[in-house]
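Results of the structural survey
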Amino acid sequence: MLAADASGTPWLHLADRAAAVAALGPLEGTTVTALRLTIDAVDPAPGPWWPSLRPASGVTHLSVDRAGPGLDVVARCTPTDAAALVRSLLPLAGPLATAGSAGGPAVAPGGTLREQLAQPREPAAPLLRHSPLPPDPATPSPPGLDLATSNPVDRLGVVDLLAASATGRLALGATGATLHVGGASLDVLREPTAVAASLRAVLAVSVEATSGPDGGPPGTSPATARAVAAVAASGAVLSAEALPGDLRQALGEVLAAEVIAPLPGPGARRAWEQRSIRQRREAMRRFGGRSIAPRGTLPAVSAVLVTKRPHYVDAALTALEASTYPVLEVVLMLHGSDEVPTDLRERAARSPLPVVLAAEPAGTVFGAATARAHAMASGDLLAKIDDDDSYGPEHVWDLVLAHAFSGADLVGKPPALVRLESLGRAVWSARYDTERYTDFVSGGTMLIGADTLRAIGGWRPLAGGIDRAMLERVLGDGRLVYRTHGEGYVLVRHDVDHTWAVGATAFLGDTLAQWEDREADLAGA
């Protein structure tokens, strides 16, 4: 299937994106260190997600030519599976807008998702679809980072980072900063790709301000703050004894306070992980700018909850109401009932969030009920919520940021934190690598674009296994799945009434920590 171009580079030359998707299977198992992908016709042209594209892990060089109607990409990489490499490049060809392209139609009562969206429905409380990035009233908006480069993608896990204990030094200047790491000295703002690559295996970076002309701390600029934020966004834990006042103001009190806080002890693995997550989240949130909001406004998010257990609804709503994400609605579908009971209507009416209510009778399979609930959502991004799991206040923000910096079509978290009610235990697991392109995320953490969901055909009308089916549908369509960190989400296992039939003891292997359930602090970073 692979030919060679004039330079000897392995070459995949295809007519259109559908042909590229069909080629993925035959390419499985073929390893390449370079690949040229040519697609003669790509339509439509790439949208505002283009700057956020992330190639496959191991790519060291990427050149893209879209001057004509087609696409010509040359990638050079460490030894990489050719199918995985092609799959990661397909977003450059634009979205594939053919519903039902993988695994059959997603039919729910009332027709396909596209048809359902065209149907009138009872209006809910208005969802703010154009909320600006939340300002810090103390300072003007800082210049933005390119999160396609400044991000934690492919960062080593905390166990490996602590074992290696690699460190770096960030020397601040008046108009930027220089990173000293591994014998190299890199200008953070002029060499962002090299900086990001050098920090993937670095545990911590000390921040040092050189002396100014009068022997005191130097003056700093917005560029200096942006350089500090770029290192923080990588996940390397920043530390400083003190920061110049103007830099502290530019970073914002939250990020500045994290930087000057004492470092965790060498054995405090979760404390290191949480410190890294808090710093990179705040750096991306404060400096991400157009990478997060390409139109200058945050994407609206709909949290979609489908449940047969109304006694879990109050806790789930309470968790979502505590969310720090400012543009959020809730879609609540009561499955197995002909109508929404009065007490749930009253609870929804008391919520500060817009809540869309619906009921679906027991004869409707779970996948079809889930499809209908997602069709009722008005958000740009749709976040699946499971009724009995626990969510921290930063959970939605984490998913929105991962969606922005990874360029993936579906993002989620691993089941790293698990509460085993039948055993009275809670565990922190190292089973799944984080900050990776992947084929698995926990079902209760999936976030996908509304347009993407419609384009791939939506949720399949299955009685069970709908999360795995969604992942297969996304990947089968040549799209990307990304797994971010696991903090802020707790998978709860009761050993009864789970669609994912795995016993509690299966979660006891590969653990980094275990606690008595009542003693566990699982709120997360």
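Check the entry above for the structure.
Every residue gets a number counted from 1 within its own chain, in the order that chain's sequence is written. Two thresholds apply to this predicted model, a pLDDT of at least 70 for residue-level local features and 80 or more for giving and counting side-chain atom pairs, whereas whole-chain, interface and lining totals are computed over all residues. Side-chain metrics in this entry use all non-hydrogen atoms of the structure; hydrogen atoms and water are not considered.

**As for the sheet that holds strand E7 (residues 167-173)**
Two strands pair if DSSP finds at least two bridges between them. Numbering of helices and strands runs from the N terminus; a helix is a DSSP stretch of H or I covering at least four residues, while a strand is a stretch of E covering at least two. One open sheet accounts for five strands, arranged E9-E8-E7-E10-E11; its pairing is mixed. The two strands at the open ends of the sheet, each matched to only one other strand, are strand E9 (184-187) and strand E11 (237-239). For this sheet, the mean inter-axis angle between neighbouring strands, taken without regard to orientation, is 25°. Where E7 lies against strand E10 (residues 204-209), six bridges are found, and the strand directions are parallel. Directly across from glycine 168, in E10, lies its bridge partner valine 205. With respect to the sheet, helix H6 (residues 222-233) is in contact with E7, strand E8 (176-181), E10 and E11, its orientation differing from that of E7 by roughly 165°. Helix axes are fitted to C-alpha atoms over the stretch in contact, other axes to C-alpha atoms as well, and angles between N-to-C directions run from 0 to 180 degrees. In what follows, a contact means two residues having at least one pair of non-hydrogen atoms within 4.5 Å.

**Some thoughts on the sheet that holds strand E18 (residues 410-412)**
Taken together, the eight strands give an open sheet; going across it, the order is E15-E14-E13-E16-E22-E18-E23-E21, and neighbouring strands pair in mixed fashion. Strand pairing shows two members of the sheet lacking a second neighbour, strand E15 (355-360) and strand E21 (436-437), which therefore form its edges. As judged from the seven bridges shared by strand E13 (residues 301-307) and strand E14 (residues 328-335), these two strands associate in the parallel manner. Along E14, the bridge assignment pairs valine 304 with valine 331.

**What to know about the pattern of salt bridges**
In what follows, salt bridge is the name for a side-chain nitrogen of Lys or Arg lying within 4 Å of a carboxyl oxygen of Asp or Glu. The full count for this structure, using the stated rule, is 23 salt bridges. With its nearest N and O atoms 3.4 Å apart, the salt bridge here joins aspartate 388 to arginine 309. Here arginine 309 lies in the loop between E13 and helix H10 (313-321) and aspartate 388 lies in the loop between strand E16 (381-385) and strand E17 (390-391), a separation of 79 residues in the sequence. When a residue's accessible area, from a 1.4 Å probe over protein chains only, is under 20% of the maximum for its type it is buried; when over 50% it is exposed; and in between it is partly exposed. Owing to a relative accessible area of 11%, aspartate 388 belongs among the buried residues under this scheme. Among the residues examined, arginine 309 registers a relative accessible area of 13% and is labelled buried. Between arginine 479 and aspartate 477 there is a salt bridge, with its nearest N and O atoms 2.6 Å apart. This pair shows no difference in class: arginine 479 is buried, exactly as aspartate 477 is. It is possible to trace a salt-bridge network through shared partners that takes in Glu258, Arg275 and Arg278.

**Some words on the packing of aromatic side chains**
Pairing of aromatic side chains requires ring centres within 6.5 Å, counting the rings of Phe and Tyr and the six-membered ring of Trp. Pairs whose planes differ by under 30 degrees are stacked, by over 60 edge-to-face, and all others tilted. Tallied over the entire structure, the rule returns five aromatic pairs. Taken together, a centroid distance of 4.9 Å and an interplanar angle of 75° make the contact between tyrosine 325 and tryptophan 397 edge-to-face. With tyrosine 325 in the loop between H10 and E14 and tryptophan 397 in helix H13 (residues 395-406), this pair connects stretches of sequence that are 72 residues apart. When the centroid spacing of 5.6 Å and the interplanar angle of 85° are considered together, the rings of phenylalanine 405 and tyrosine 482 count as edge-to-face. Within this pair, whereas phenylalanine 405 is found in helix H13, its partner tyrosine 482 is found in strand E23 (residues 481-483), the two being separated by 77 residues in sequence. The buried category is assigned to phenylalanine 405, whose relative accessible area is 2%. Site record: aromatic cluster; members linked through ring pairs are Phe405, Tyr437 and Tyr482. Each ring is checked for a lysine NZ or an arginine CZ that lies within 6 Å of its centre and within 35 degrees of its normal; such an atom marks a charge sitting over the ring. Directly above the ring of tryptophan 11 sits arginine 36, whose terminal nitrogen or CZ lies 4.5 Å from the centroid. Seen from the ring of tryptophan 397, arginine 285 lies directly overhead, with NZ or CZ sitting 5.3 Å from the centre.

**Some points on the packing of helix H8 (residues 253-260) against helix H9 (residues 269-287)**
Viewed as axis vectors pointing N to C, H8 and H9 meet at an angle of 150°, and their least axial separation amounts to 9 Å. When the axis of H8 is compared with that of H9, the two are roughly antiparallel. Of the two elements, H8 crosses H9, and the hand of that crossing is left-handed. Where H8 approaches H9, its residues Val254, Leu255, Glu258 and Val259 are matched on the opposing element by Arg275, Arg278, Gln279, Glu282, Ala283 and Phe287. Amino acids outside the nonpolar list (Ala, Val, Leu, Ile, Met, Phe, Trp, Tyr, Cys, Pro) and the charged list (Asp, Glu, Lys, Arg) are all regarded as polar, and Gly is one of them. Looking at the contact of H8 with H9 residue by residue, the classes come out as five nonpolar, one polar and four charged. Any angle from 65 to 115 degrees is called roughly perpendicular, while one under 35 is roughly parallel, one over 145 is roughly antiparallel, and all others are oblique. If you view the pair so one helix is near and one far, a crossing is left-handed when the near helix is turned anticlockwise from the far one by less than a right angle, and right-handed when it is turned clockwise.

**Structural notes on helix H12 (residues 366-375)**
Most of H12 sits out of view: nine of its ten residues are buried. What H12 keeps buried is the set Phe366, Gly367, Ala368, Ala369, Thr370, Ala371, Ala373, His374 and Ala375.

**Section: unusual backbone geometry**
At aspartate 154, a position not held by glycine, the phi torsion is positive, near 70°. Secondary-structure assignment places aspartate 154 in the loop between strand E6 (131-132) and helix H4 (158-164). A residue is classified by how much of its surface remains accessible, and aspartate 154, at 15% relative accessible area, is buried. Not every positive phi belongs to a glycine, and serine 165 is a case in point at roughly 55°.

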